[in-house]
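Residue-level structural notes
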Amino acid sequence: MEFYENLNRLRKEKGWSQEELGNRLNVSRQTVSKWELGSTTPELNKLMELSRIFQVSIDELVGNSNAPAEKEVVYVNVNLHYEYKSRLTVFGIPLVHINFGRGMYKAKGIIAIGNFAVGLFSMGLLSAGLISIGTASLGLLAFGGGLALGGLAIGGAALGIFAIGGLAVGVYAAGGCALAARIAVGGYANAHIAIGGAADGAFVFTEKGAAACEEIRQTILREYPRTWKFLIRLFSAAMR
């Protein structure tokens, strides 16, 4: 097969439009169209990029039947990579952008999934967004395997208005070691109202039982009357 036939076949196998292939090569859709019609051929540097993108040798790409057969089968892709970007956009931002592989690939979209992800909903090794999930995450709602920073932060080490983690630091905190401005509960708790096995604060609760739970509830209502009800229930039930 000729080059223009191979290019058309390989592009369609990937499910890409001429415009999508052009974007990957930094050329126009019209340029890709001319290549596929056989009216022009790409320069060597573009052939090398096409070879990498489609994971075929240049000989196979241009239809060189005289090339040794072993060169066509001994091809190893060491740069594993997958990317998908939806055509639908919101204010110019893709609705969905998935971009990950061996290396640092960035995904940016309303829904973003990648090595480094930024979006309203993001998931990745490093992620930032309204709702963020990752090894290290930053968001209004942040869930991190290692580090989480957010309004609600849950992670190995968590920093937020309400933080839950092995080490939790926040206005309200719960964890193995919990440090808070207002209320903390944990193995070690340090806060204005401290609840736990070892606690330090203006009001300290270390004993379990129904009486302790009621006293905690009353203390929270007296010291911080505007505390959300679900937090009052959560903290007052900690010593049940």
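Note on numbering: residues in each chain are counted from 1, in written sequence order. Reporting of local features is limited, given that this is a predicted model, to residues whose pLDDT is at least 70; pairs of side-chain atoms are given and counted only at 80 or more, and all residues count toward the totals for whole chains, interfaces and linings. Just so you know, side-chain values use all the structure's heavy atoms and leave hydrogens and water out.

**Thoughts on the pattern of salt bridges**
The salt bridge criterion pairs a side-chain nitrogen of Lys or Arg with a carboxyl oxygen of Asp or Glu, the two atoms within 4 Å. Inspection of every chain in the model, using the stated rule, returns five salt bridges. Across the pair R9 and E13 runs a salt bridge, and its minimum N-O distance is 3.3 Å. With a gap of four residues between them, R9 and E13 both fall in helix 1 (residues 3-14), about one helical turn apart. Across the salt bridge formed by R217 and E214, the nearest N and O atoms sit 2.9 Å from each other. Of this pair, R217 and E214 both sit in helix 7 (residues 210-223), three residues apart, which is roughly one turn of that helix. The way it works is that DSSP assigns letters per residue, a run of H or I at least four long becomes a helix, a run of E at least two long becomes a strand, and they are numbered from the N terminus.

**What about the confidence of the model for the protein?**
Across the protein, the average pLDDT comes to 86, with 94% of residues at 70 or higher. For the protein, the element scoring lowest by mean pLDDT is helix 6 (residues 69-73), at 44; strand 8 (residues 203-205) scores highest, at 94. Low pLDDT, under 50, characterises residues 67-76; the predicted model gives this stretch ten contacts beyond four residues in sequence or across chains. As a per-residue measure, pLDDT reflects the predictor's confidence and takes values from 0 up to 100. Contacts between residues were defined by any pair of non-hydrogen atoms, one from each residue, lying within 4.5 Å.

**Comments concerning the pairing of strand 4 (residues 96-101)**
Here is the key point about a regular strand: its side chains alternate between the two faces of the sheet. Paired strands, in this sense, are two strands between which DSSP finds at least two bridges. For strand 1 (residues 81-85) and strand 4, the ladder comprises five bridges, and the chain directions are antiparallel. Residue pairing for strand 4: Y84 is matched across the bridge by I98.

**Here we look at the side chain of S86**
Position of S86 relative to the elements: it lies in the loop between strand 1 and strand 2 (89-90). Each residue gets one of three labels from its accessible area relative to the maximum for its type: buried under 20%, exposed over 50%, partly exposed in between, using a 1.4 Å probe on protein chains only. Among the residues examined, S86 registers a relative accessible area of 10% and is labelled buried. One polar contact links the side chain of S86 to the main-chain carbonyl oxygen of L88, over a distance of 3.1 Å. When sequence neighbours within four positions are dropped, the list of residues in contact with S86 reads P94, L95 and V96. Two N or O atoms count as a polar contact when they lie within 3.5 Å, although within protein this holds only if one can serve as hydrogen donor and the other as acceptor, and sequence-adjacent residues are included solely when both atoms are side-chain atoms.

**Quick look at the side chain of N99**
Relative to the assigned elements, N99 resides in strand 4. The class for N99 is buried, based on a relative accessible area of 7%. Looking at N99, its side chain comes within polar contact range of the main-chain oxygen of K106, at 3.0 Å. For N99, the residues in contact, after removing those within four places along its chain, are H81, Y82, E83, Y105, K106, A107, I113, G114 and N115.

**A short note on a nonpolar patch on the surface**
Together, L120, M123, L130, I131, I133, L140 and L141 make up an exposed nonpolar region whose accessible area comes to about 550 Å². Summarising the element assignment, L130 is placed in strand 6 (residues 111-190). The residues that make up patches have over 30% relative accessible area and no salt bridge, and they are joined within 9 Å when like-charged or within 5 Å when they are Val, Leu, Ile, Met, Phe, Trp or Tyr. Computed with the Shrake-Rupley method and a 1.4 Å probe, the accessible areas treat only the protein chains shown as cover for residues.

**Comments concerning the packing of aromatic side chains**
Any Phe, Tyr or Trp ring, taking Trp's six-membered ring, that has another such ring centre within 6.5 Å forms a pair; planes under 30 degrees apart are called stacked, those over 60 apart edge-to-face, and the others tilted. This model, assessed by the stated rule, comprises four aromatic pairs. Whether a charge lies above a ring is judged from NZ of Lys or CZ of Arg, which has to be within 6 Å of the ring centre and within 35 degrees of the ring normal. Above the ring of W16, the side-chain terminus of R24 is found at 4.1 Å from the ring centroid.

**Digging into helix 8 (residues 229-236)**
Every buried residue of helix 8 is listed here: L231, I232, F235 and S236. Mapping the buried residues of helix 8 onto a view down its axis gives an arc of 120°, with all of them on the same face. Away from its buried face by more than 90 degrees, helix 8 exposes K229 and R233. Its buried side turned inward, helix 8 meets strand 6, strand 7 (193-200) and helix 7. Here, the arc refers to the directions that run from the helix axis to the C-beta atoms.

**Focus: the environment of I164**
Note on placement: I164 falls in strand 6. When its relative accessible area of 31% is taken as the criterion, I164 is described as partly exposed. Residues I164 and A174, spaced ten residues apart in sequence, show a C-alpha to C-alpha distance of 4.8 Å. Apart from residues no more than four positions distant in its own chain, I164 is found in contact with A153, I154, G155, A158 and A174.

**As for the pairing of strand 7**
Inspection of the sheet shows strand 6 paired to strand 7 by seven bridges, in the parallel sense. Opposite A189, over in strand 7, you have A199 as the bridge partner. Here strand 7 pairs with strand 8 via three bridges, running parallel. Paired with A194 across the bridge in strand 8 is V204.

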